[in-house]
Amino acid sequence: MDTETVSSQSCFPRDLVRRTAAFWDAHPCDGYPHIVDRMRFRYHKEPWLPQLLHKIVETTKNGSMLELGCGQGTDAIYVCQRLGRDARYTGIDCSPASIESARRASDELSNLRVEPQFLIGDVESLQFDDSMFDVLYSMGVLHHTPSIETALSEAHRVLKPGRPAFVIVYRSGSLKLTTANVVRKIARTVKRPTDHSAARRYSRWLGTMVRECVDVPILRCYRRKQITTMFRLSGFDVLNIQPAGLSLPNIGVNRILEHLARDLNIGSYWCVEARKKP
Ligand SMILES: C[S@@+](CC[C@H](N)C(=O)[O-])C[C@H]1O[C@@H](n2cnc3c(N)ncnc32)[C@H](O)[C@@H]1O
């Protein structure tokens with residue numbers, strides 16, 4: 001891959017998934033234990049995301065949706081407030097603490113149209129039968145797993161033929177990933193423990209972003225061509241790939257600048273829409 005940072009190359013993939021789960025158990029995605037605070041934070045930081053989630057809701061209608069790496073279920077709650085009443089939502093994540101938090105969020109809210117099912121699972125070894133789901137969604141996950149290729153082929157297996165997958169992964173050369181990779185290299189070179197007090201101080205604006213950049217076991221990013229190749233090799237037609245999100249601190253500028261991420265090709269993520277061949 002273009003830029004690959006794995007904190008210990010000697011680990012077996014399953015150990016890496018265990019360490020990944022331990023990281024997200026300690027720092028569930030976006031922080032903010034309460035769902036209402038978390039949603040407010042998230043959609044200020046990533047204002048482009050609700051538009052995509054609406055498209056996913058429209059595409060799913062009353063069908064079945066699977067989310068790979070649902071974290072604390074923030075997007076799950078957003079879509080379950082909007083899906084058709086006969087739709088089904090399943091979210092899986094390898095972090096038991098995140099799944100626990102996602103379940104708590106759905107128990108706390110009374111305005112869900114669909115009751116989400118949150119399960120502990122590994123995106124590289126899905127516990128579902130072939131061709132079970134109408135729509136697949138994954139945000140910010142597959143660049144953290146040992147083999148994105150295995151995860152994509154699992155995604156392809158469980159999706160019904162002709163149905164779409166919406167997958168968001170880190171983009172090579174973006175400000176966030178370039179900074180993260182420099183910081184990770186320095187941290188490893190000087191072999192000093194990370195200063196978590198700074199991450200804590202700024203978590204109100206940055207959520208878990210600083211900790212993720214520095215400490216997450218696997219952090220990869222991809223070029224457009226790599227994305228196309230990986231999806232095609234897994235059996236998908238790639239319909240659209242566009243940059244999204246500047247991942248700037250949550251100080252209100254993201255909404256104003258979000259079009260730059262797309263139009264100037266400088267987003268932190270690739271937002272990929274693909275389809276399993278009919
Ligand atoms: C950046 S968080 C994103 C969570 C959620 N999609 C969101 O945007 O709020 C990455 C998530 O991927 C999960 N994850 C990473 N590797 C995984 C794997 N192999 N199987 C299942 N979940 C995984 C982590 O536990 C973590 O919750």
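Residues numbered from 1 in each chain as written. Predicted model: local features only at pLDDT ≥ 70, side-chain atom pairs only at ≥ 80, totals over all residues.

Attention now goes to the pairing of strand β9 (residues 269-276). Here β9 lies mainly inside the structure; seven of its eight residues are buried. Bridge analysis of strand β6 (residues 164-170) against β9 gives seven bridges, and the strand direction is antiparallel. If you follow Y170 over to β9, its bridge partner there is Y269. Two strands pair when backbone bridges link them, and strand β8 (residues 236-244) and β9 are joined in this way by eight bridges, in the antiparallel orientation. Note that in β9 the partner of D237 across the bridge is R275. (Buried ≥ 20, exposed ≤ 12 C-beta atoms within 10 Å, placed from the backbone. Helix = DSSP H or I, 4+ residues; strand = E, 2+ residues; numbered from the N terminus. Pairing = 2+ DSSP bridges.)

What follows deals with the nonpolar core. The biggest cluster of nonpolar side chains holds 68 residues, and the ones touching the most others in it are V79 and L136. Per-element tally for this core: the top contributor is β6, with six residues. (Core = buried A, V, L, I, M, F, W, Y, C linked by C-beta atoms within 7 Å.)

Attention now moves to the site of the ligand. The local shell around the ligand holds 22 residues, among which W24, G69, G71, C94 and S95 are the closest. When the residues that make up the shell around the ligand are grouped by side-chain class, the tally is nine nonpolar, nine polar and four charged. (Near = placed C-beta within 6 Å. Nonpolar A, V, L, I, M, F, W, Y, C, P; charged D, E, K, R; others polar.)

Time to look at helix α11 (residues 224-233). Every buried residue of α11 is listed here: I227, M230 and F231. One side of α11 carries all its buried residues, which in axial view fall inside an arc of 95°. Counted as exposed and oriented over 90 degrees from the buried face of α11: K225 and L233. Residues of α11 that are buried in the fold lie against α6 (148-158), β8 and β9. Downstream of α11 by a residue or two, G235 has a phi angle that is positive, lying close to 100°. (Arc of directions from axis to C-beta. Contact = placed C-beta atoms within 7 Å.)

Further remarks concern unusual backbone geometry. Within the chain, D30 stands out as a residue other than glycine whose phi angle is a positive 80°. Position of D30 among the secondary structure elements: in the loop between α1 (13-26) and α2 (35-45). Residue D30 is classed as buried on the basis of its C-beta count, with 23 C-beta atoms lying within 10 Å. Phi angles above zero are rare outside glycine, and K61 is one such case at about 50°. Summarising the element assignment, K61 is placed in the loop between α3 (49-60) and β2 (64-68).

Across the protein, pLDDT averages 87, with 81% of residues at or above 70. Across residues 1-11, where pLDDT falls below 50, the model places 21 contacts with residues more than four positions away in sequence or in other chains. (pLDDT = per-residue confidence, 0-100.)

Moving on: the environment of I77. With respect to the element layout, I77 can be found in helix α4 (residues 74-80). It is 6.8 Å that separates the C-alpha atoms of I77 and S106, two residues lying 29 residues apart in sequence. Apart from residues no more than four positions distant in its own chain, I77 is found in contact with I35, M39, A105, S106 and L109.

Let us look at the pairing of strand β5 (residues 135-139). Burial analysis of β5 places five of its five residues in the buried class, which makes it a mostly covered element. Burial along β5 is two-sided: the face carrying V135, Y137 and M139 and the face carrying L136 and S138 are both buried. Judged from the three bridges that link them, β2 and β5 form a sheet pairing that is parallel. Counterpart to E67 in the pairing with β5 is Y137. As paired strands, β5 and β6 are joined by four bridges and run parallel to one another.

Let us now look at helix α5 (residues 96-108). With 13 residues, α5 should cover 18 Å at 1.5 Å per step; its first-to-last C-alpha distance of 18 Å lies within 8% of that length. Taken as a whole, α5 has its buried residues at S98, I99, S101, A102, A105 and S106. Looking down the long axis of α5, one finds its buried residues gathered within 160° of arc, a one-sided arrangement. Along α5, the residues that are exposed and aim more than 90 degrees away from the buried face are D107 and E108. (Expected span 1.5 Å × (residues − 1).)

Moving on, we get to the sheet that holds β2. The strand order across the open sheet formed by seven strands is β4-β3-β2-β5-β6-β9-β8, and the pairing between neighbours is mixed. This sheet does not close on itself; its edge strands, each paired only once, are β4 (117-120) and β8. Put simply, the sheet's adjacent strands are angled 20° from each other on average, direction ignored. In this sheet, β4 lies alongside strand β3 (residues 88-93) in parallel orientation, the contact comprising four bridges. Pairing of I92 across the sheet is with L119, part of β4. Of the strands in this sheet, β3 and β4 are in contact with α5, which crosses β4 at around 165°. α11 rests against β8 and β9 of the sheet, and its axis sits at about 155° to β8. (Axes fitted to C-alpha atoms, helices over the stretch in contact; angles between N-to-C directions.)

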